[in-house]
Amino acid sequence: MTTTAIQQFNLLMEGKLEPALSGKYFDAINPSNGEVFARIADADDIDVQIAVNAARLGFDHGRWPQMSVAQRGAFLLKIATLIRENAKELADLECASTGKTIKHTTFIDVPTAADTFEFFGNLSGDLFRDEVKSSFPILSNIEHEPVGVVVVIIPWNYPLIMTAWKLAPALLAGNTVVLKPSKVACASVMLLAKIISQVGLPKGVLNIITSSSGQAGQELVSNPEVDMVSFTGGTKTGQEVMVQAAKGVKKLTLELGGKSPNIVFADCDMEAALGGSLSAIFMNQGQMCTAGSRILVEDKIYKEFVDKLVSRAKNLKIGPADDFETEFGPLVSIDHRNSVLKYIEKGKQEGAKLVCGGAIPDLNPKGAYLEPTIFINVRNSMSIAQEEIFGPVLCVIPFTSTDEAIHIANDTKYGLAAMIWSKDLEKANKVARRLRCGTVWINTYGAFLNEVPFGGYKQSGFGRELGLAGLLEYTQLKHIATDQTPSGRSVVTSWF
Ligand code: NDP
């Protein structure tokens, strides 16, 4: 690990970096070695209230919502520049916080976060207004106005990217924000908070708080001064957030879990399908909402494909996340690894056959390591095929016909993403249209594009991230209707 001294991170409150009122900090643990690498300010309910008040004042009385889109965009562009200037420190901290490999944080997380701020920063103000013609002599101006105070709650698996995906559109639209990263992995976000504190955002526009209490998220969602909640995390937590948000009739977007099917047809490019399938389940040690955790393989190639997949999975280089040679780092924490291990036991008890991994490798015992794991003889009704394990556990299920593959793929409460591997693009596109999920990748995996909306069907949530749809989630619509009757007197003005 290149981060040597233990760093200390404060809250971002009213534009300034401040300790929590209690003066308390909690430890950030590196899952590669179990060591403390940072101390994080530990907010309590009073800090939460201060952050919300600041955002409320910033929205109701500040100049941010009145600024032009271009003026707000200029701040986002500055943030993008500063992320690139601080890329190494951010990549190191994202790696130490999450256990994601340094290769991943250097080449994916940090550049993606910068690109997202830049993408939204360059959008035109024209996207926020429209003129609609109707059969009445009325000029209808449609304005996309900011919602107000937005609470952003993000999980531990992609702290920097999630921050960028939500913060950039929420701010561009003119909202003020209170952002709360997960207590499990938040150091990189707090370095970003430090970086953002340099761009001179008006007071109250952005507040970032961290807390070990496990209560801060709920306190934010239930706070009456909050107008909208943008949440990414587990489906169970999402349900609780929805109940709390409903009490205040708050606008809400939920990006929740997944159990994404990865359909491999016999006519696929086998090398591409093997590589893509490995990435889909073993990148970030499978801790991805879009993990391709159920692989459906056509029976004609089943044996050959599975043998090759297992052999490649067994050869992945497991090790500390900060080593550029490491292909597969630790899970985010020992606690989380224990929850994944329970699923592995459950899979064995349910009758699935373990053909790869499933054990703790012989590495630093204080690290949260786990071998890449593959089960065959899986029935889709088994809990390992139905529940989101959120770890490196792949369930292999054979199929004989396209209809059967589609049936198995859709037989889940989730609907986040799917993958299809076939050289027959007409067939692949037909299948894609029959899958009940928000994203289908054909002959690729993980193409998240700033221009294109991403989000779930069914219990994977609602609302979209990215693209125009993702931007407009952070707005509400106003219709300004101006009478255009040539005489100046419409029917309604002379009714009585
Ligand atoms: P959670 O859903 O518990 O947490 C996600 C975020 O929500 C964190 O910032 C957390 O804060 C916050 N939070 C927790 N409880 C509440 C609440 N009642 N109201 C508002 N906010 C709340 O995810 P975990 O991090 O515990 O992971 C558990 C499971 O969730 C994973 O195993 C996986 O299945 C799923 N998950 C899905 C993700 C996705 O991208 N779709 C990402 C991460 C997890 P804090 O923990 O700091 O208190």
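Let me begin by describing the structure that accompanies this report. (Residues numbered from 1 in each chain as written. Predicted model: local features only at pLDDT ≥ 70, side-chain atom pairs only at ≥ 80, totals over all residues. Heavy atoms only, no water.)

Quick notes on the overall build of the protein
- Counting its regular elements, the protein contains 15 helices and 23 strands.
- A compact globule built from 496 residues should have a C-alpha radius of gyration of about 23 Å, and the protein, at 24 Å, falls within 12% of that.
- Relative to its 496 residues, the protein shows a buried fraction of 56%.
- When contacts within the protein are restricted to residue pairs at least 6 apart in sequence, long-range pairs at least 24 apart make up 73% of them.
- Accessible surface, the protein as shown: approximately 20,500 Å² in total, 54% of it carbon and sulfur.
- Charge centroids of the protein, computed over 48 positive and 53 negative side chains, lie 3 Å from each other. (Helix = DSSP H or I, 4+ residues; strand = E, 2+ residues; numbered from the N terminus. Rg over C-alpha atoms; globule rule 2.2 N^0.38 Å. Buried < 20%, exposed > 50% of the residue type's maximum accessible area, 1.4 Å probe, protein only. Contact = heavy atoms within 4.5 Å. Areas by Shrake-Rupley, 256 points an atom, 1.4 Å probe, with all protein chains shown as cover. Lys, Arg positive; Asp, Glu negative; His and termini not counted. Charge placed at Lys NZ, Arg CZ, Asp CG, Glu CD.)

Things to note about the nonpolar core
- Formed by 102 residues in total, the largest nonpolar core has its most connected members in I83, F117, F120, V177, F305, I374 and V396.
- The element contributing the most residues to this core is helix α5 (residues 159-172), with 10 residues.
- Residues within four places of I83 in sequence aside, it is in contact with L90, V110, A113, A114, F117 and L192.
- Listed in part, the 31 residues of the second largest apolar core include Y343, V393, I397 and A405. (Core = buried A, V, L, I, M, F, W, Y, C linked by side-chain atoms within 4.5 Å.)

Some remarks on the site of the ligand
- Taken together, 26 residues lie near the ligand, and W156, K183, G234, T237 and E388 sit nearest.
- In the model, an oxygen atom of the ligand is placed 2.5 Å from a nitrogen or oxygen of the W156 side chain.
- Here an oxygen atom of the ligand and a backbone polar atom of G234 are 2.8 Å apart.
- Bound to the protein, the ligand loses 85% of the 860 Å² it would expose on its own.
- Those elements giving two or more residues to the shell around the ligand turn out to be α7 (216-222), β11 (228-232) and α8 (235-247). (Near = heavy atom within 4 Å. Polar contact = N/O pair within 3.5 Å; in protein donor to acceptor, adjacent residues only side chain to side chain.)

Considerations on the sheet that holds strand β20 (residues 439-442)
- The seven strands lie next to each other as β15-β16-β17-β14-β13-β19-β20, forming an open sheet whose pairing is mixed. Strands with a single pairing partner mark the edges of an open sheet, and in this sheet they are β15 (353-356) and β20. With direction set aside, neighbouring strand axes in the sheet form an average angle of 25°.
- Sheet topology places strand β19 (residues 417-421) next to β20; four bridges connect them, and they run parallel. Pairing of M419 across the sheet is with W441, part of β20. (Pairing = 2+ DSSP bridges. Axes fitted to C-alpha atoms, helices over the stretch in contact; angles between N-to-C directions.)

So, the state of the cysteines
- On inspection of all chains with the given rule, the structure shows zero disulfides.
- Not part of a disulfide, C356 finds its nearest cysteine sulfur in C395, a span of 13 Å.
- We classify C356 as buried; its relative accessible area is 3%.
- The closest cysteine sulfur to the non-disulfide-bonded C437 is located on C289, 13 Å from its own sulfur.
- You can call C437 buried: its relative accessible area is 8%. (Disulfide = S-S within 2.5 Å.)

Here we look at the sheet that holds strand β4 (residues 25-30)
- Pairing in this open sheet of three strands is mixed, and the strands run β1-β5-β4 from one edge to the other. Either end of the sheet is taken by a strand with one partner, and the two such strands are β1 (7-9) and β4. Adjacent strand axes in the sheet meet at a mean angle of 30°, parallel and antiparallel pairs treated alike.
- Of the strand pairs in this sheet, β1 and strand β5 (residues 35-41) are connected by three bridges, and their pairing is parallel. Across the sheet, residue Q8 finds its bridge partner in β5, namely R39.

Observations regarding empty space enclosed by the protein
- The full count for this structure, using the stated rule, is three cavities of 30 Å³ or more.
- Computed from the structure, the largest cavity encloses a volume of approximately 80 Å³.
- Elements represented by at least two residues in the lining of the largest cavity include exactly α13 (402-410), β18 (414-415) and β19.
- Class assignment of the residues belonging to the lining of the largest cavity gives a composition of eight nonpolar, four polar and four charged. (1 Å grid on protein atoms, 1.4 Å probe; cavity = no way out; pocket = protein on both sides within 12 Å on 5 of 7 lines; lining within 4 Å. Points joined across faces, edges and corners; volume = space filled by probe spheres on them. Nonpolar A, V, L, I, M, F, W, Y, C, P; charged D, E, K, R; others polar.)

Comments concerning the layout of surface pockets
- By volume, the second largest pocket is sized at about 350 Å³.
- As for the second largest pocket, its lining consists of 17 residues, of which T101, K103, F282, M283 and E327 are closest to the centre.
- Put simply, the parts of the chain that give the lining of the second largest pocket at least two residues each are α4 (102-121) and α9 (270-282).
- For the lining of the second largest pocket, the class distribution of residues is seven nonpolar, seven polar and three charged.

Describing helix α11 (residues 334-350)
- Over its 17 residues, α11 runs 24 Å from end to end, which matches the ideal 24 Å to within 8%, given 1.5 Å per residue.
- All buried positions along α11 are accounted for by H336, R337, V340, Y343, I344 and G347. Taken down its axis, α11 places every buried residue within 115° of arc, on the same side. Residues of α11 that are exposed and point over 90 degrees away from its buried face: D335, K342 and Q349.
- Of the residues trailing α11, G351 is marked for its positive phi of about 105°. (Expected span 1.5 Å × (residues − 1). Arc of directions from axis to C-beta.)

Structural notes on the pairing of strand β9 (residues 176-180)
- Burial of β9 is extensive: five of the five residues sit out of reach of the surface.
- Going residue by residue along β9, you find T176, V178 and K180 tucked away on one face and V177 and L179 tucked away on the opposite face as well.
- Pairing geometry for strand β8 (residues 149-153) and β9, over five bridges, is parallel. Within β9, the position partnered with V151 by the bridge is V178.
- For the handedness criterion, the β-α-β arrangement of β8, α5 and β9 is classed as right-handed. (Right-handed = clockwise from strand over helix to strand, strands pointing away.)

Some points on a nonpolar patch on the surface
- Judged by side-chain polarity, I6, I29 and V36 come together as a nonpolar surface patch covering roughly 230 Å² of accessible area.
- Within the fold, V36 resides in strand β5.
- Overall, the relative accessible area of 31% leaves V36 in the partly exposed class. (Patch = residues over 30% accessible without salt bridge, like charges linked within 9 Å, V, L, I, M, F, W, Y side chains within 5 Å. Salt bridge = Lys/Arg side-chain N within 4 Å of Asp/Glu carboxyl O.)

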